[in-house]
Amino acid sequence: MSRRALTRVPAWAVDVEVDPMVGGGVHFIDSRFCEGMTDGMKPAIVVAARDEATARAVDVQLRQRYSIDYRIRSVVDDAFEAERGSEDAALVMVDALWEDASEVLSWIREKQPSTRRLAIAPWGMPVASKRLQALLHAGLAEYFVIVPQVLPDEQFHRTISEFLEEWSRTNSATFEVVRMIDGGSAKGHRLRDLMQRNNVTHGAYSPFSTLGREILDEHGLSADQLPALVLFDGRVLVDPSEQELADAITGQSADAPSDVDLVIVGAGPAGLAAAVYAASEGLGVAVLEREAIGGQAGTTSLIRNYLGFNRGITGQELASRAFRQAWSFGANVRFMREATALRRVPGWFVVSVSDGTEIRGRAVILAQGVTYRRVGAPALEELVGAGVYYGAAVTEAPTTRGKEVFVVGGGNSAGQAAVHLSGFAARVTVLVRGDSLAESMSDYLVNEMKVIPNISIEFGCQIVDGGGSSRLEWLEIEDRASGSTRRVDAAAVFILIGAVSATDWLPDEIATDRWGFILTGRKAEESPLWTLDRVPYSFETSVPGVFAVGDVRQGSVKRVASAAGEGSVAIQSCHAFLSQHPDAAAAAGVSGQ
């Protein structure tokens, strides 16, 4: 394929037609498969192969299963020379043995960021394995499928359907649980981010848009009552608190159990894993979550190295699955409820909750995780939610289309955010304080960022200031070696610069290091606060019966898999405490307040 061809769109984008039903946008039409269609234009699934046999084997499977809802297009080799178009396909499948596969996938990733990308390979061909690994390692193909061997090939269809489901979440009409009208306020960003992270389907509309005005008029609202949220059942929330929104969506009520076997503080990977194992083994479980399920991991656009998910999984999807799993075993999860104090009464630990209630548990697991470290520049703090974001790359990525954005941080979260944003923003610049990513970021992410053309990395620098009239417009960046500064235009900055513990609410009897991370196990035993003759159980703090897992624990690995592992192992320790020391909570540990 010539370099000139890379500036053109593939062959499936030849025939275009304006659909007046969707506002005059350009949509691809293949008259062979859309004849008589009156319900809008079907999205395309495209197969690009090096030979007719491969194209035919895949095409047959796709037509039998998906042709009612999708247009199936198969092209071979030089058919990619085509005229310019503008519409993304839902899914493109490219033959890994085709010599132009990497160039085509690179073009699609850059020009059609919403299109999902699969590589196709035959069984048992060594050269195919090497090319597949190269495509996957560079992030050009998101995953792969083997050329179907039987009809129907259900393993093949499982992969296809999963990718189509992911595409449809953001590219096709979905049922909106909430419609929010907002003029771009920081409060509106916060509410949208919470809904996104909690997997609540929603739409956000400007009060100046036609639909936004219609919704306001329908419910008798004015533009000074924003943000306004209309739920699917007609309820209206005007400028709600985060807790009010959570209660309206989840139906939380005052009759939730107040006495349980185990109170878990935090619904990140560690807390959810603990909830699954505890509830599945018959313990009564209550989980308090101050923000959204998944914690920081829930904001991750794609986790590719989590065991068992060989093509990766978004942090949001992983958290959503874990929550449903814990719920199915009977765990009670209370959203937007923050633990504010911990004390004891005879036989119980009592956790005070931000909504004014209390919950008692015979044991407690602290899994509240950490928060992102703040930059510290007052001007930037005033623009949080208006171009300045701590995390939130998944939520705000669509708003960065065609803009210049920055990511601050050198860990996996920063790398995943940069890769995700590169599909929307014109340019993504990653700012790293250190001089290397080797020790802080997984190798696969480093390599993927290197081959994405609109990502650049700057080492040895930090943000010291920024500003704008109503939202972020510029940043001031300091070179740490020389101390010199420069000002750059910036539409958004996503800050992911390390962790700050959230343990100020805990009593003094729980030992922490000087940074506030909780001591457990042998380190807790070495603390003068440990008073029992026995050795602490795994993940037990200096207070018998109170355990700590995940990022809030000193010495944790800061990885999703290790956090989930700690949460599951801690349940064994809880069982040991509850069975062998049923009165320990009343005998020692947390003083009354």
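In the block above lies the structure referred to throughout.
In this report, the structure presented in the accompanying data block is examined. Every chain is numbered on its own, with residues counted from 1 as its sequence reads. Local features in this predicted model are restricted to residues whose pLDDT is 70 or higher, and side-chain atom pairs enter the listing and the counts only when it is 80 or higher, whereas totals over whole chains, interfaces and linings include all residues. Where side-chain values are given, they derive from all heavy atoms of the structure, hydrogens and water being excluded.

1. So, the packing of aromatic side chains
For this analysis, a ring pair means two rings from Phe, Tyr or Trp (six-membered ring only for Trp) whose centres lie within 6.5 Å, classed as stacked if their planes differ by under 30 degrees, edge-to-face if by over 60, and tilted for the remaining angles. One pass over the structure, following the stated rule, counts five aromatic pairs. Ring geometry for Tyr 143 and Phe 144: centres 4.7 Å apart, planes at 40°, overall tilted. A 1.4 Å probe rolled over the protein chains alone gives each residue an accessible area, and that area as a share of the maximum for its type sets the label: buried under 20%, exposed over 50%, partly exposed in between. A relative accessible area of 10% means that Tyr 143 is categorised as buried. Both a distance and an angle decide whether a charge sits over a ring: NZ of Lys or CZ of Arg must be within 6 Å of the ring centre and within 35 degrees of the ring normal. For the cation-ring pair, Arg 374 lies above Tyr 390, with the distance from its terminal atom to the ring centre recorded as 3.8 Å.

2. A short note on the sheet that holds strand β25 (residues 485-489)
As summarised here, the arrangement of the three strands in space is β23-β24-β25, forming an open sheet in which the pairing is antiparallel. Two strands in the sheet have a free side with no partner beyond their single neighbour: β23 (461-467) and β25. For this sheet, the mean angle separating the axes of adjacent strands, direction not counted, is 30°. At least two DSSP bridges between two strands are required for those strands to pair. Only runs of H or I of at least four residues qualify as helices and only runs of E of at least two qualify as strands under DSSP, and these elements are numbered from the N terminus. Of the strand pairs in this sheet, strand β24 (residues 474-479) and β25 are connected by five bridges, and their pairing is antiparallel. Bridged to Glu 478 within β25 is Thr 485. Note on definitions: angles span 0 to 180 degrees between N-to-C directions of axes, and those axes are lines fitted to C-alpha atoms, for helices only across the stretch in contact.

3. Some details on helix α14 (residues 443-451)
Regarding α14, the residues found buried are Tyr 444, Leu 445, Val 446, Asn 447, Glu 448 and Met 449. Where α14 is buried, its residues contact α4 (126-137), α13 (412-421), β21 (427-432) and β22 (455-459). Working rule for contacts: check all heavy atoms of both residues, and any pair within 4.5 Å makes them a contact.

4. Comments concerning the nonpolar core
We call a set of buried residues a nonpolar core when its members are Ala, Val, Leu, Ile, Met, Phe, Trp, Tyr or Cys and they connect through side-chain atoms within 4.5 Å of each other. Val 407, Leu 475, Val 493 and Phe 494 are the most contacted members of the largest nonpolar core, which totals 44 residues. Residue assignment for this core shows that the elements contributing at least two residues are β19 (388-390), β20 (404-408), α13, β21, α14, β23, β24 and β26 (492-495). Per element, the largest residue contribution to this core is five residues, and it comes from α13. Other than its neighbours up to four places away in sequence, Leu 475 contacts Leu 380, Phe 406, Ile 463, Asp 465, Gly 466, Arg 486, Arg 487, Val 488, Ala 490 and Val 493. If you look at the next biggest cluster of nonpolar residues, it comprises 39 residues, including Ala 267, Ala 319, Ala 570 and Cys 574.

5. Looking at the pairing of β23
With five of seven residues buried, β23 is to be regarded as a mostly interior element. Sheet topology note: the β23/β24 ladder contains six bridges and is antiparallel. Looking at β24, one finds that Gly 466 is bridged to Leu 475. In this structure, the hairpin formed by β23 and β24 is closed by a connection of six residues.

6. Focus: helix α3 (residues 101-111)
Among all positions of α3, only Ala 101, Val 104, Leu 105, Trp 107, Ile 108 and Arg 109 are buried. On its buried face, α3 sits against β5 (91-95), β6 (116-121), α4 and α14.

7. Structural notes on the environment of Phe 517
Mapped onto the elements of the fold, Phe 517 is located in the loop between β27 (499-501) and α15 (521-526). Expressed as a C-alpha distance, the spacing of Phe 517 and Gly 369, which sit 148 residues apart in the sequence, is 9.7 Å. In this structure Phe 517 touches Val 370, Ala 499, Ser 501, Ala 511, Thr 512, Asp 551, Val 552, Arg 553 and Gln 554, once residues within four positions along its chain are discounted.

8. Notes on the pairing of strand β8 (residues 178-181)
Note: β8 against strand β9 (residues 202-205), four bridges, orientation parallel. Residue pairing across strands places Ile 181 opposite Tyr 205, the latter belonging to β9. The definition of a right-handed crossover adopted here requires that, viewed with the strands pointing away, the path from the first strand over the helix to the second runs clockwise. Following the chain from β8 across helix α6 (residues 186-197) to the adjacent parallel β9, one finds a crossover that is right-handed. Across four bridges, β8 lies against strand β10 (residues 228-231) in antiparallel orientation. Paired with Arg 179 across the two strands is Val 230, which belongs to β10.

Such coordinate-based values are descriptive only and should not be taken to indicate function.
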